[in-house]
Amino acid sequence: MTEKLSDNPLEALHVSDTAPRHAVTLPSVAALDAHLAPYAAHSAQSRGRRHPEAPPSARTEFQRDRDRIVHSTAFRRLEYKTQVFVNHEGDLFRTRLTHSLEVAQIARSVARNLRVNEDLVEAISLAHDLGHTPFGHAGQDALNDCMRDHGGFEHNLQSLAVVDELEEHYGAFNGLNLCFETREGILKHCSRENARRLGALGERFLQGRQPSIEAQIANLADEIAYNNHDVDDGLRSGLITFEQLADVELWRVHYDAARAEYPQIEGRRLVHETVRRIINTLIVDLIDTTMRNLMRHAPRSLDDVRAAPPLVAHSEAVSAQATVLKRFLFKNLYRHYRVMRMANKARRVVTGLFNAFSEDARLLPPNYQSADPQVQARLIAHYIAGMTDRYALKEYRRLFVVDDN
Ligand code: MG
């Protein structure tokens, strides 16, 4: 009699009723990392977590970091935090969340080509903006001004504070307890004073050493993502136009190429056909230039990468073109009067909240109150930085508008 094969693939894994239930062997971490180049960050060689933990099963250390970031509260808040346009200005503009996803996508493409750790670049990319205040850079500048006498406020350090201390998810520790390499990637830059305070994580800023290739990729993927999506959003909003962009070489070359290939298209379709060509050019140039740098410096390990000059880079020609685009955006979009009006409002909201809480800490939830003035200022900064755009506006109304509740 022929045995009937089960339709359920999981049943097929069980050889017999008496066979051990875990007949399938999971691949080792070394096997999961086997495709990586010697200069990549291998998860088995991580400098570890602040609170030691048993190694994960069925995933690498950096996959676990990525998963912890995706499950964090701060990650979900990114959906309601400004990139350039405040959340309520339109449903289709980038938020910090979609920005972070675009950074991760670009960074992974680059990482795969260079045979470095995609899980690590993804973790860094998804976490890099976790510390951003509401209202983008206007919010950060305002909070930094408010914190002038209390050590200042810097979104990189705040991202680190989120993953090291502020998330309350795990029984054994505060924060997400991420690997050294993920934290190193999140801390893109920092002052010498802060570097001294940060111990091992700050050392590279004092010694002039580089972070991993993965961290360097995430950093440049961030720029590629925002330069392109800000052009896209700028055009969508009508604050910048095709005519203005004609002076920007990087735009013009790809706009002309898109029109030559598809003479009939216009509007959003033409914008996207142009932007996708720019992104592709930047990614290919980044991979190409970095490969040349890797060949020239021939790093054999992550330690070699740390001792070498920055290896992930654009060619001089493309870098110059990207700088022109960046300057264009600064002048015509980030300083556009309509963006400045929102920035001004953001500054008043953040400063107003900070001053109200500083004058009377009893307005704060109890876990944000402290008798120590320095600690109190930092707790207020944490509280405000954690707010989404709309929560900050609501909180402002609650505190300052008499007939609101
Ligand atoms: Mg970013």
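Our subject is the structure that appears above.
These numbers were taken from a predicted model, which means no experiment stands behind them.

A. The arrangement of the overall build of the protein chain in detail. In terms of helices and strands, the protein chain carries 20 helices and 0 strands. Taken over C-alpha atoms, the radius of gyration comes to 24 Å for the protein chain, in line with the 22 Å a tight globule of 405 residues would show. Across its three principal directions, the C-alpha atoms of the protein chain cover 80 × 65 × 55 Å. By residue count, 50% of the 405 residues in the protein chain fall in the buried class. Within the protein chain, contacts between residues separated by at least 24 positions form 69% of all contacts whose residues are at least 6 apart in sequence. Counting only carbon and sulfur atoms, one obtains 51% of the accessible surface of the protein chain, whose full area is about 20900 Å².

B. Here's a closer look at the coordination of the magnesium ion. Donor atoms from the polypeptide that coordinate the magnesium ion comprise His99 (NE2), His128 (NE2), Asp129 (OD) and Asp222 (OD), at 2.1 to 2.7 Å from the metal. Mapped onto the sequence, the donors of the magnesium ion take the spacing H-x28-H-D-x92-D. One end of the pair, His99, is in helix α5 (residues 96-114); the other, Asp222, is in helix α12 (residues 213-237), with 123 residues separating them in the sequence. Under the relative-accessibility criterion, His99 is labelled buried at 0%.

C. Just the side chain of His254, in detail. Summarising the element assignment, His254 is placed in helix α14 (residues 249-261). Not counting residues up to four positions away in its chain, the partners in contact with His254 are Thr274, Arg277, Ile278 and Thr281.

D. Focus on the packing of aromatic side chains. Counted by the stated rule, this structure contains 8 aromatic pairs. Their ring planes at 65 degrees and their centres at 5.5 Å tell us that Phe357 and Tyr383 sit as a pair that is edge-to-face. Of this pair, Phe357 sits in helix α18 (residues 337-359) while Tyr383 is found in helix α19 (residues 373-385), placing the two residues 26 residues apart along the sequence. You can call Phe357 buried: its relative accessible area is 0%. In textbook terms, an aromatic cluster arises when at least three aromatic residues are bridged by ring pairs, as seen for Phe242, Trp251 and Tyr255. Geometry around Phe180 places Arg47 over its ring, the cationic atom sitting 4.0 Å from the centre. Above the plane of the ring of Tyr170 lies Arg68, whose end atom (NZ or CZ) is 4.9 Å from the centre.

E. Representation of helix α8 (residues 155-166) in the model. With 12 residues, α8 extends only 14 Å from end C-alpha to end C-alpha; this falls clearly short of the ideal 16 Å at 1.5 Å per step. Here α8 has its buried residues at His155, Asn156, Leu157, Gln158, Ser159, Leu160, Ala161, Val162, Val163 and Asp164. Looking at the packing, one finds that the buried side of α8 touches α4 (73-77), α6 (118-127), α7 (136-146), α9 (180-186), α10 (192-197) and α19.

F. Just the state of the cysteines, in detail. This structure, assessed with the given rule, holds 0 disulfides. Here Cys190 stays unpaired: no disulfide links it, and the sulfur of Cys179, its closest cysteine neighbor, is 20 Å away. Residue class for Cys190 comes out buried when judged on its relative accessible area of 18%.

G. Geometry of the environment of Pro55. Looking at where Pro55 falls in the secondary structure, it is placed in the loop between α2 (29-32) and α3 (61-70). You can call Pro55 exposed: its relative accessible area is 62%. Remark: the alpha-carbon pair of Pro55 and His137, spanning 82 residues in sequence, is separated by 38 Å. Aside from chain neighbours lying at most four places away, what touches Pro55 is Glu61 and Arg64.

H. Looking closely at the pattern of salt bridges. Taken as a whole, this structure holds 26 salt bridges when the rule is applied. With a shortest N-O distance of 3.1 Å, Arg292 and Asp288 are connected by a salt bridge. Here Arg292 pairs with Asp288, and both are found in helix α15 (residues 267-297), just 4 residues apart, close to one helical turn. Classification of Arg292 as partly exposed rests on a relative accessible area of 47%. You can call Asp288 partly exposed: its relative accessible area is 36%. Connected via shared salt-bridge partners are Arg59, Arg66, Asp67, Arg108, Arg112, Glu118 and Glu122.

Calculation notes
- Residues numbered from 1 in each chain as written.
- Predicted model: local features only at pLDDT ≥ 70, side-chain atom pairs only at ≥ 80, totals over all residues.
- Heavy atoms only, no water.
- Helix = DSSP H or I, 4+ residues; strand = E, 2+ residues; numbered from the N terminus.
- Rg over C-alpha atoms; globule rule 2.2 N^0.38 Å.
- Buried < 20%, exposed > 50% of the residue type's maximum accessible area, 1.4 Å probe, protein only.
- Contact = heavy atoms within 4.5 Å.
- Areas by Shrake-Rupley, 256 points an atom, 1.4 Å probe, with all protein chains shown as cover.
- Donors = N, O, S within 2.8 Å, 3.2 Å for Na, K, Ca; no water.
- Phe/Tyr/Trp six-rings, centres within 6.5 Å; stacked < 30°, edge-to-face > 60°.
- Lys NZ or Arg CZ within 6 Å of the ring centre and 35° of its normal.
- Expected span 1.5 Å × (residues − 1).
- Disulfide = S-S within 2.5 Å.
- Salt bridge = Lys/Arg side-chain N within 4 Å of Asp/Glu carboxyl O.

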